[in-house]
Amino acid sequence: MLKTKKKFPYLWAHIFLIFVALGMIIPFVWMLLTSFKTITESTQLKPFHFFPSQWQISNYTEVIRTNNFPILYFNTIMMMLWRIISSVLFSAMAAYAFARLKFPGRNVLFGLVLFQMMVPPQLFVIPQYLMVNQLNMRNTIFALVFPGLVSAFGTFLLRQFFIGLPDELEEAAKLDGCNIGQTFFKIMLPLAKPGLIALGIFTSLFAFKDLLWPLIINSEPDAATLSSALSKIQGAYAVNYPQLMAASVLAIWPMLVIYIIFQKQFIQGIATSGGKL
């Protein structure tokens, strides 16, 4: 009886989590099923069609014909890759300086980093656009990567990890003759691996769903990303929902594959960052 009473709350918790999981999965199932429907079925309420009466492959063929998905995949993956590399490297260097080095104005400069996290990112769009335009780098991969070269969130996140490392490690490195750079790259940076993984995960997610910046800075079709290309599929007065859902399915599958492959790292990185914050 005691064991049954102890397990009873866990049973309700699992039932609740199952309903939450279904609530998150149903929109994806609905998107997949709508991509095979006709326009009439996708907007018709009476009678309501959950499953398509006839599976329409033409939605996918039409979307692939009108959009250069290999180029869109390439631009999106390159933007994610270079943002992850630059954000993790530069944010880690800045975070180590704020956490372990003592220099004049350290607290003031770190306050500016925190201030950047508090204001809407849309405020930086115009200055960043003017900078990229002055460099004549519009419609390039560099233009897509530019806003993510350094992350204020990443600097704050990794600073928490470096603060938690014991001071004896640096003292031992100094006794062995290591300078600041050697101490950072050979000792401190490998120990912050959980934070680096968490920052890489967040950076990849933010880059993948970034819409405003790619839509503004890269106007050429060959320089677009998946998110900006999807926004242009919607018409001004009418929307072909089956084709839009088909394009969405084609857009999200690379991220699903990445998540399935690195599922363990995703969970560990997010859990670790949540514990530190």
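Residues numbered from 1 in each chain as written. Predicted model: local features only at pLDDT ≥ 70, side-chain atom pairs only at ≥ 80, totals over all residues. Heavy atoms only, no water.

Here we look at the overall build of the chain
In step 1: When its secondary structure is counted, the chain shows 15 helices and zero strands.
In step 2: Referenced to the eigenvectors of the C-alpha coordinate spread, the extents of the chain come out at roughly 75 × 75 × 30 Å.
In step 3: Expressed as a percentage of its 277 residues, the buried residues of the chain come to 36%.
In step 4: Restricting the contact set of the chain to residue pairs at least 6 apart, pairs at least 24 apart contribute 73%.
In step 5: A total of about 17,200 Å² of accessible surface is found on the chain, and carbon and sulfur atoms cover 71% of it.
In step 6: The positive charge centre, built from 20 side chains, and the negative charge centre, built from 10, are 12 Å apart in the chain. (Helix = DSSP H or I, 4+ residues; strand = E, 2+ residues; numbered from the N terminus. Buried < 20%, exposed > 50% of the residue type's maximum accessible area, 1.4 Å probe, protein only. Contact = heavy atoms within 4.5 Å. Areas by Shrake-Rupley, 256 points an atom, 1.4 Å probe, with all protein chains shown as cover. Lys, Arg positive; Asp, Glu negative; His and termini not counted. Charge placed at Lys NZ, Arg CZ, Asp CG, Glu CD.)

Focus on the layout of surface pockets
In step 1: In this structure, the largest pocket occupies an estimated 1,000 Å³ of space.
In step 2: In terms of lining, the largest pocket is formed by 32 residues, of which the most central are Gln116, Pro121, Pro147, Gly148 and Val150.
In step 3: Going through the elements one at a time, α4 (69-100), α5 (106-118), α6 (125-134), α8 (152-164), α11 (193-208) and α12 (212-217) are the ones with two or more residues in the lining of the largest pocket.
In step 4: The biggest single contributor to the lining of the largest pocket is α11, with five residues.
In step 5: Grouping the amino acids of the lining of the largest pocket by side-chain chemistry returns 22 nonpolar, eight polar and two charged.
In step 6: Each pocket or cavity is described by its volume, and for the second largest pocket that value is around 470 Å³. (1 Å grid on protein atoms, 1.4 Å probe; cavity = no way out; pocket = protein on both sides within 12 Å on 5 of 7 lines; lining within 4 Å. Points joined across faces, edges and corners; volume = space filled by probe spheres on them. Nonpolar A, V, L, I, M, F, W, Y, C, P; charged D, E, K, R; others polar.)

Regarding the nonpolar core
In step 1: Ranked by size, the top nonpolar core spans 30 residues in total, and within it Phe69 and Leu226 carry the most contacts.
In step 2: Contributing elements (two or more residues each) for this core: α3 (58-66), α4, α6, α7 (141-145), α11, α12, α13 (226-233) and α14 (241-261).
In step 3: The biggest single contributor to this core is α14, with eight residues.
In step 4: Not counting residues within four places of it along the chain, the set of residues in contact with Phe69 comprises Val63, Ile64, Leu226, Ala247 and Leu250.
In step 5: In terms of nonpolar packing, the next biggest core, distinct from the first, is built from 18 residues, Val88, Ala92, Leu157 and Leu158 among them. (Core = buried A, V, L, I, M, F, W, Y, C linked by side-chain atoms within 4.5 Å.)

Description of the UniProt feature "transmembrane region" (unreviewed entry) in the chain
In step 1: UniProt feature "transmembrane region" (unreviewed entry): in the numbering of this structure it lies at residues 12-33, 71-96, 108-129, 141-158 and 244-262.
In step 2: Spanning residues 71-96, this segment combines 100% helix with 0% strand, and its end C-alpha atoms are found 37 Å apart.
In step 3: Along residues 141-158 the backbone is 67% helical and 0% strand, and the end-to-end C-alpha distance reaches 26 Å. (UniProt positions renumbered as here; feature names shortened; annotations may be inferred.)

Section: the pattern of salt bridges
In step 1: All chains considered together, the criterion is met by four salt bridges.
In step 2: Asp210 is paired through a salt bridge with Arg83; the nearest N and O atoms lie 3.2 Å apart. Linking Asp210 in the loop between α11 and α12 with Arg83 in helix α4, this pair joins segments that are 127 residues apart in sequence. No difference in accessibility class separates Asp210 from Arg83, as the two residues are buried.
In step 3: For Arg100, the salt bridge is made with Asp167, and the minimal N-O distance between the two is 2.7 Å. Note that Arg100 is positioned in helix α4 and Asp167 in helix α9 (residues 167-175), a separation of 67 residues in sequence.
In step 4: The exposure class of Arg100 is buried, given its relative accessible area of 13%. (Salt bridge = Lys/Arg side-chain N within 4 Å of Asp/Glu carboxyl O.)

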